[in-house]
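Geometric and topological summary
Each chain is listed here by its residues.
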Amino acid sequence: MQVEVAVIGTGWCGGIRAETLSRSALVSKLHICEIRPDRLAEVKKLTQPATATLDYQDIIKNRNISVVYICTTPEQTHFPIARDCLQAGKHVLLEKPIALELWEADTLITLAKRGNLKFTIGYSQRFNTKIAYAKKKIADGTLGKPVSVMVSRHLSRSLGKKIASRVKLSPAAMESTHDLDFVFWLLEPAKPIRVYSQGAYGYMQPVNGSYDIMWSVVTMDNGVLVAIGGGWNLPPSYPNYCATWIEITGTEGSLFLDDTQRDNWLNTVADGTRFPMSTMPGEQVDHVFAGQMGPETIHFLEACIMNRPVMVTPESARTVMEVYTAADLSAERNAPIDLPLSNETLAAVSAMTQERR
Ligand SMILES: NC(=O)c1ccc[n+]([C@@H]2O[C@H](COP(=O)([O-])OP(=O)(O)OC[C@H]3O[C@@H](n4cnc5c(N)ncnc54)[C@H](O)[C@@H]3O)[C@@H](O)[C@H]2O)c1
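Residues numbered from 1 in each chain as written. Predicted model: local features only at pLDDT ≥ 70, side-chain atom pairs only at ≥ 80, totals over all residues. Heavy atoms only, no water.

1. Some thoughts on the sheet that holds strand β10 (residues 225-234)
Backbone-to-backbone hydrogen bonds pair the strands of a sheet. The strands run either parallel or antiparallel. The mixed open sheet is built from seven strands, whose spatial order is β12-β11-β7-β10-β9-β8-β17. Edge positions in the sheet fall to β12 (254-259) and β17 (337-338), since each has one partner strand and no second. Judged from the nine bridges that link them, strand β7 (residues 146-156) and strand β11 (residues 242-250) form a sheet pairing that is antiparallel. Counted as the bridge partner of histidine 154 is alanine 243 from β11. The strands touched by helix α8 (residues 171-186) are β7, β8 (192-200), β9 (213-220), β10 and β11; relative to β10, the strand with the most contacts, the crossing angle is about 150 degrees. (Pairing = 2+ DSSP bridges. Helix = DSSP H or I, 4+ residues; strand = E, 2+ residues; numbered from the N terminus. Contact = heavy atoms within 4.5 Å. Axes fitted to C-alpha atoms, helices over the stretch in contact; angles between N-to-C directions.)

2. A closer look at the site of the ligand
Around the ligand sit 26 residues in total, of which Cys13, Glu34, Thr73, Lys96 and Ser124 are the nearest. Here an oxygen atom of the ligand and a backbone polar atom of cysteine 13 are 2.7 Å apart. Between the ligand and the protein, one listed contact pairs an oxygen atom with a side-chain N or O atom of threonine 73 at 2.7 Å. More than half of the atoms belonging to the ligand lie within 2 Å of the grid points that define the largest pocket. If you list the elements that add at least two residues to the shell around the ligand, you get α1 (12-22), α4 (78-87) and α8. Classifying every residue of the shell around the ligand by side-chain character gives eleven nonpolar, eight polar and seven charged. (Near = heavy atom within 4 Å. Polar contact = N/O pair within 3.5 Å; in protein donor to acceptor, adjacent residues only side chain to side chain. 1 Å grid on protein atoms, 1.4 Å probe; cavity = no way out; pocket = protein on both sides within 12 Å on 5 of 7 lines; lining within 4 Å. Sits in = over half its atoms within 2 Å of the grid points. Nonpolar A, V, L, I, M, F, W, Y, C, P; charged D, E, K, R; others polar.)

3. Remarks on the sheet that holds strand β1 (residues 3-8)
Taken in spatial order, the six strands make up an open sheet running β3-β2-β1-β4-β5-β6, and their pairing is parallel. The two strands at the open ends of the sheet, each matched to only one other strand, are β3 (51-53) and β6 (119-121). The average angle at which neighbouring strand axes cross in this sheet is 15 degrees, direction not considered. As paired strands, β1 and strand β2 (residues 27-33) are joined by six bridges and run parallel to one another. Counterpart to valine 3 in the pairing with β2 is valine 27.

Written as structure tokens, this is what we have:
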């Protein structure tokens, strides 16, 4: 069975999604939408879509399109475009963050439920084979009872600058968000009950007032200790380079994962040392996709066609949003925040975000 599919916002990630979909036998027609005419033309040439438009209302109005990937920036666009797509009865994969406000996330979840639609968030790291392996080894009991999980993620400052110049979201909200998502997935059904976070200033402060790095300690309701560091101040290297180190300990075993991507070393006179295939989404390499976003894109399409569950539920994305929001408040107050958020902390979050925007 084939379906008609659209990608809205064909920048970096949307470009990857569109190229992946253009290669798939599950897609009868690909439609692309992008507000930058030069980029639209570029992706049009690459993917040969059935239609290419500057206005996403053309996607909404086209009843033949059943699956939509929303990959737009700035992040303020996520909620209105996802809302319109869900209201029009389309299955939606939305890049993270699910929304900027918790009530917006709730609205999208309700719309998807009401319309019996598939709705997922692009937490691509669940399709990272190393992280999938960690899930398998925790689920099959190899590690015993999990005791602690540590994730340390560093991104190149060129990407940090790109993100920070379009939206005022912290490294916890924009980077650690991936790690919060997959760690909570690894530890299911445990739930986060407390977060304490601290941030440090450096290169990014004059760019947008943001921390260079944040460390968040999350306590789970079964006592497991989670420590997640996310930063974006590495010197420029392979465009959008990302290095991650993961340590998981349990009562019967431990699993350390080196996802620093230094195992592919390209060295040229022109550019010096480079670590190709080292970005968070990954990249197409001729006939094969190196990384997670390609398989993630197809997994969602198959979930829609075969009526299978999505990998990332929007409810889990909402929990992640609540935790990084609490992390931001914790760093501001220098105090731990209890979860789920109380009315008092929700009010404080609202005051903090209004001040920042
Ligand atoms: N899963 C991952 O590993 C991963 C990695 C990077 C970024 N992301 C997320 O993906 C999203 C996209 O990031 P990116 O780096 O590809 O951004 P980008 O800026 O490269 O691309 C976004 C594109 O959306 C277009 N756009 C904006 N408004 C539009 C509209 N109304 N209609 C059509 N097009 C519109 C922009 O012109 C731009 O080309 C971000 O929200 C980010 O959080 C996820």
